[in-house]
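Residue strings, one per chain:
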Amino acid sequence: MAVLEGLEFGKSDFVLLDEVNIEQFMENLKLRFEKARIYTFIGEGVVSVNPYKQMDIYGKEEINAYRGRELYENPPHLYAVADAAYKAMKRRAKDTCIVVSGESGAGKTEASKYIMQYIAAITNPSQRAEVESVKNVLLKSNCVLEAFGNAKTNRNDNSSRFGKYMDINFNFNGDPTGGHINNYLLEKTSNNDRYSHNAVLSALNVIGFSEEEIHSIYRILGTILILGNLQFETDRESVLVVGMGDVSHIAELTSTEPDNVTKSLLYRTVATGGGEVIEKGHSEKEACFGRDAFTKALYERLFGWIVGRINAVIEVKDYNPVLHGKNTVIGVLDIYGFEIFDNNSFEQFCINYCNEKLQQLFIQLILCQEQDEYRREGIIWQHIDYFNNQIIVDLVEQPHKGIISVLDEACLSVGKVTDTVCLESMDVKLGQHPHYTSRKLTPSDKTMEFHRDFRIRHYAGDVTYSVEGFLDKNKDPLFQDFKRLMFNSSNPVMKEMWPDGQLSITEVTKRPLTAATLFKNSIVALVEKLSCKEPYYVRCIKPNDIKSPALFDDARCQHQVAYLGLLENVRVRRAGFACRQAYTRFLQRYKMTCENTWPNHLMGTDREAVEAIVTQHGFQDDVAYGHTMLFVRTPKSLFTLEQERAALVPVLVLFLQKVWRGALARMRCRRMRAIFAIMGCYKRYKVKVHFWEVERRFASVCSMADYGKSVEWPTPPAALTQFHSITQKWRARQIVKNIPPSDMGEIRAKVAALGALNGERKDWGCGRSWERDYLANVSHSHSTAISNFILFSQELRNKDEYNQVIFSGFCRKMNRFNKSSDRALLITDKHIYKLDPKKQFKVLKRLPLEVITGLSVTAGVDQMVALHTSSQDDVLLYIQRGELCPDQDRIGELVGTLIDHFTRSVATVRGCRSVTTSWSNQLEQGLRLGLC
């Protein structure tokens, strides 16, 4: 900070003053104010002086400068305290709170807004939509609550007329997940007109108010304005409303009946002791009192409903600590400051009591508990005196003796009890108290009026209160008739605001708690909330009463410094320690920075291990050792440890990631090995089962006539697909080797026909024996023709010197004129002969076998065949089935024998279907299909 702020700006931390006295404190505070340095540290707290002007120190650059930095690294700022509270919450998973205190006009509301804006800016870096929605609602709620809860006073243009404590909930990542708002004592006065209508309307829409709800808000505000102008007049013995048009307008706005509105304004329903219900007419004064009470209650119920509606939107929903981690909280308290007006009434009494309680909390946590902790831990310490305002708190809230008890007793008394009687009762019970007085107790003090004023010596100064109106404001002044009127409204939003109106007059028997008691209970609960959190303080100071950005009123500011206890705070911080942690917690966080304590120490106690860490880093002169805790004097020592820890954390994370990834890899490896072992066993089992099934099915094929042709092969497992194909081939070879050599020619021809026809011809004679030479076969022709053909074939063999007959048979020759004649077909290994069987098998045509380029057959059952030649002199024949075997199909035989011949001699038949597979493969295929 010394680098960023020169000495011309004074000391940026009051702890650094040369001497701790009020003169130097005020001199430093004034110098910094005049140099536009409105913030000054007191340890981890900050003193803020209202500049009464806009300052360019809250932009994005400033936010980035303070994000994640330690307090002493940057000049004093609200952002430094907000970041410190956020880091403490995130690092130690500890709830924190930021208490913004000071008198009215000191800048508390603006300070709270800047704190909220900073927290919103540094969270949710990943821009998750649901988190951004929560942040927007939290920020916009300020606008709405200020519009309805702040007012212009003679000391402040934007004075908070209510107290606000907001809890912001964070998940384990440090992102806001929701929140909750508590409001305290809405003072029932004039509405604030500072904020524009459009800004408030936009905020209501962002928060999630429906159109119906917004419309209902305006209807209630309109009702309040009309009620404020409503007048009454007395006509003889009755009271009337002046201008019944206003009543009709009120009824329209509140969705009630005009008669019921009139009745509520002019009459009061009372239940007698006997259970009888009667209507008692108001006097003009009572009617005005009821009107004012109704107006104030409408606004109070509206404000409470708005707060509840916002809470319903921002509350944390579906939170499960097991799934979502620990839910931590940062609380921000923005509450009305200490007030001294020309006329101080019941509201100022409650506000100043609240400030006394907060001051007591500050004294308890900062001044009292800290010194007590030093004594308990055995730290050498010189006690610092301070004023303990517990005596003032007891004056207000002590049971049976305090001012609140006297007020409640007066409100509960039977008969006519006035404010003056109540003041007399306080004079009797509190006359000896050193911080209480009245004009009756001090007759010479003419600043107070007899039978009206009393004075309390607050920690912030003497305040004179007027007792007039105390009793009426303390008890519930609203008649039950108004509650029932609003509960019976047809508007669901208004009906929701008045649930107590559902009780009839005979059911309302229990007297409600007084306003002072309710306020006391809420403040006690607030103090309990704050006391269980780690506090960070923003102490706001008002430099002058005329809102001047250049005037520093020394006496005015010194008075605030005194009652805020800032000088005592400096003395405690200067003589004390900035941080303290239990040995176990300190060791757990910083043990990785010392080789003697990482990963676990072998020393006798945790204190010895902590001493080893401190000694290694050279902080011996900046710490003190208590019985159970280590006390660190300056934040710099702790920041040095944090820096070293932050540098080591990524290394440790990488090491842990490496170890974990290795563990995961080994686990996956063991799992994969187990998987492969199981797969191997299963595959072997499937193979065995397959072989067992094959063995079972083919056990007796040797004794079967078809050698197992009819046996169906079992489906193999995937691992045996290739082996299954090889096995089938082996099985085919086993069968083939048992076939007699005389049958092999026919087998080859049938396989060739199978491949050539390719299933396009349904019946092609594969199931019978192929004779080939049918002209020479006795079983297929007459004996005379056979003997003639045998003689002819012998002569032809001698003449053409062919070796074998490939095919022969009777046929009919077809010409282009569709005429046919009986002929005989003879195919040898050298020629194709067309013979005339009627002329002793005379050769009509001889074609060399080499000129045949192909043949064509049909897919039907006919015996038509076309022989194609290279000279394009094709021969169209109809193969006769035979006289003795009329059902024989000889087309397949003709095709198969020709292809078999060409396959073995020429290897391919030009123009015919290409036979590319080997003969063994064709044979195997034929065997599988049952051709054998």
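Residues numbered from 1 in each chain as written. Predicted model: local features only at pLDDT ≥ 70, side-chain atom pairs only at ≥ 80, totals over all residues. Heavy atoms only, no water.

Within an unreviewed UniProt entry, the label attached to the protein reads Myosin IG, and the organism entered is Oncorhynchus mykiss. Of the comments in the UniProt record for the protein, the one headed Sequence similarities (unreviewed entry) reads "Belongs to the TRAFAC class myosin-kinesin ATPase superfamily. Myosin family." What UniProt states about the protein under its Subcellular location (unreviewed entry) heading is, verbatim, "Cytoplasm, Cell cortex". (UniProt positions renumbered as here; feature names shortened; annotations may be inferred.)

(A) A look at the overall build of the protein. Along its length, the protein carries 29 helices and 26 strands. Against the 2.2 N^0.38 benchmark of 30 Å for 932 residues, the protein shows a C-alpha radius of gyration of 55 Å, more extended than a compact globule. Dimensions along the principal axes, computed over C-alpha positions, put the protein at roughly 175 × 85 × 55 Å. Taken over 932 residues, the protein has a buried fraction of 50%. A separation threshold of at least 6 residues defines the contact pool for the protein, and within that pool the share at least 24 residues apart is 63%. For the protein, the accessible area works out to roughly 46200 Å², and carbon and sulfur atoms hold 53% of it. (Helix = DSSP H or I, 4+ residues; strand = E, 2+ residues; numbered from the N terminus. Rg over C-alpha atoms; globule rule 2.2 N^0.38 Å. Buried < 20%, exposed > 50% of the residue type's maximum accessible area, 1.4 Å probe, protein only. Contact = heavy atoms within 4.5 Å. Areas by Shrake-Rupley, 256 points an atom, 1.4 Å probe, with all protein chains shown as cover.)

(B) Region of interest: the nonpolar core. In terms of nonpolar packing, the biggest core is built from 93 residues, with Phe148 and Ile306 touching the most fellow members. The greatest single-element share of this core, amounting to 13 residues, is contributed by helix H10 (residues 284-314). Within the second largest apolar cluster, 69 residues are counted, among which are Val47, Val463, Val527 and Leu530. (Core = buried A, V, L, I, M, F, W, Y, C linked by side-chain atoms within 4.5 Å.)

(C) Structural context of the UniProt feature "binding site: ATP" (unreviewed entry) in the protein. Feature annotation in UniProt assigns "binding site: ATP" (unreviewed entry) to the following positions: Gly102, Glu103, Ser104, Gly105, Ala106, Gly107, Lys108 and Thr109. With respect to the helices and strands, Gly102 occurs in the loop between strand S3 (96-101) and helix H4 (108-122). Looking at Gly102, the relative accessible area reads 5%, which means it is buried. When near neighbours in sequence (up to four residues on either side) are disregarded, Gly102 contacts Lys108, Gly337, Phe338, Asn355 and Cys540. Here Gly107 is in contact with Asn50 and Cys540, once residues within four sequence places are set aside.

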